[in-house]
Amino acid sequence: ILSLAETVVSRSIRVGGDEMDQAVVDYMKQHYSLRIGTQAAESIKIEAGSAFPLDGELAAEVRGVDTISGVPRKAVVTSEEIRQALSEPLETILGAIRGVVEQCQPELAADIVDTGLVLTGGGAMLRGIDRLMNEQLGVPVRVAEDPLTTVARGTSICLEHLSQWRDALEDGDSDL
């Protein structure tokens, strides 16, 4: 959580797009006896994936290798199924957010209730992730404009104004 240009509370978990892709790979193997690669899983996630029920559910065709016969075949999966596949990594992310919010001061938590959260990165592009988080966390959630490049753009701004940000960026263990 950032406030007044400083990190107030933070937590890093290693759950994101790659873990979501692996969850789709595992789902396809368990429910369809179909072996697919992570690139195919990512395509399915992009084409039909969602974190929250959609007004019009989607479907995607999946190609892979049948784990029993060893021959290539196709299957059609729905956005509901992909949502089920993604439920575990999404719950891990939600748990981490809850933990961070619980650690912040009451005044800052009150600000979060008013102003909400902003999602960045590739995972923020998953359909309905803002709606899921809003429902589960009870705070407004929005996706940043162009979430895929937000961190890179923020880093660029920081570097352009390094003299102003240096104190906030340095930590005691660093030799910058």
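These numbers come from a predicted model, not from an experiment. (Residues numbered from 1 in each chain as written. Predicted model: local features only at pLDDT ≥ 70, side-chain atom pairs only at ≥ 80, totals over all residues. Heavy atoms only, no water.)

### A short note on the overall build of the chain
For the chain, the count of helices and strands is 7 helices and 7 strands. In the chain, the succession of helices and strands from N to C terminus is β-β-α-β-α-β-β-α-α-β-α-β-α-α. Taken over 176 residues, the chain has a buried fraction of 32%. The contacts of the chain with a sequence gap of at least 6 include a subset with a gap of at least 24, amounting to 63%. A gap of 9 Å separates the mean positions of the 15 positive and 29 negative side-chain charges of the chain. (Helix = DSSP H or I, 4+ residues; strand = E, 2+ residues; numbered from the N terminus. Buried < 20%, exposed > 50% of the residue type's maximum accessible area, 1.4 Å probe, protein only. Contact = heavy atoms within 4.5 Å. Lys, Arg positive; Asp, Glu negative; His and termini not counted. Charge placed at Lys NZ, Arg CZ, Asp CG, Glu CD.)

### Describing the pattern of salt bridges
Applying the stated criterion across every chain, the model contains 5 salt bridges. Salt-bridge contacts for R63 lead to E61; the nearest nitrogen and oxygen are separated by 2.8 Å. Judged by its relative accessible area of 56%, R63 is exposed. Take E61: its relative accessible area is 39%, and that puts it in the partly exposed class. (Salt bridge = Lys/Arg side-chain N within 4 Å of Asp/Glu carboxyl O.)

### A closer look at the packing of helix α1 (residues 17–32) against helix α3 (residues 79–103)
Put simply, α1 and α3 touch, their axes get as near as 9 Å, and they point 140° apart. As summarised for this structure, α1 and α3 are arranged oblique, according to the angle between their axes. At the point where α1 passes α3, the crossing takes the right-handed sense. Each of E19, M20, A23, V24, Y27, H31 and Y32 in α1 lies in contact with α3, whose residues at this interface are E81, I82, Q84, A85, L86, P89, L90 and I93. (Axes fitted to C-alpha atoms, helices over the stretch in contact; angles between N-to-C directions. Parallel < 35°, antiparallel > 145°, perpendicular 65-115°, else oblique. Left-handed = near helix turned anticlockwise from the far one by under 90°.)

### Some points on unusual backbone geometry
Positive phi, close to 50°, is recorded for S33, a residue that is not glycine. Inspection of the secondary structure puts S33 in the loop between α1 and β3 (34–35). Phi at D146 takes a positive value of approximately 50°, unusual for a residue other than glycine. Judged by its relative accessible area of 42%, D146 falls in the partly exposed class.

### Some words on the pairing of strand β4 (residues 59–66)
The sheet contact formed by β3 and β4 spans 2 bridges and is antiparallel. Bridge pairing links L34 to D66 in β4. Between the antiparallel neighbours β4 and strand β5 (residues 72–78) lie 5 residues, among them G70 with a positive phi of about 80°. (Pairing = 2+ DSSP bridges.)

### What to know about the sheet that holds β4
Across the sheet, 3 strands lie side by side as β3-β4-β5; this open sheet has antiparallel pairing. For this open sheet the edge positions go to β3 and β5, each flanked by a neighbour on one side alone. Looking at chain direction, β4 and β5 are connected through 7 bridges and run antiparallel. Within β5, the residue paired with E61 across the bridge is V76. Most of the contacts of α1 go to β5, to which it runs at about 105°, and overall it touches β3, β4 and β5. The strands touched by helix α2 (residues 38–48) are β4 and β5; relative to β4, the strand with the most contacts, the crossing angle is about 165°.

### Some remarks on the confidence of the model for the chain
On average, the chain scores 90 in pLDDT, and the residues at 70 or more come to 94%. Taken together, the stretch residues 172–176 has pLDDT below 50 and engages in 2 contacts with residues farther than four places along the chain or on a different chain. (pLDDT = per-residue confidence, 0-100.)

### Brief notes about the environment of T38
With respect to the secondary-structure elements, T38 resides in helix α2. Discounting chain neighbours no more than four positions away, the residues touching T38 are D21, Q22 and V25.

### Some points on the side chain of D21
Within the secondary structure layout, D21 lies in helix α1. Excluding residues within four positions of it along the chain, D21 makes contact with T38, A41, E42 and K45.

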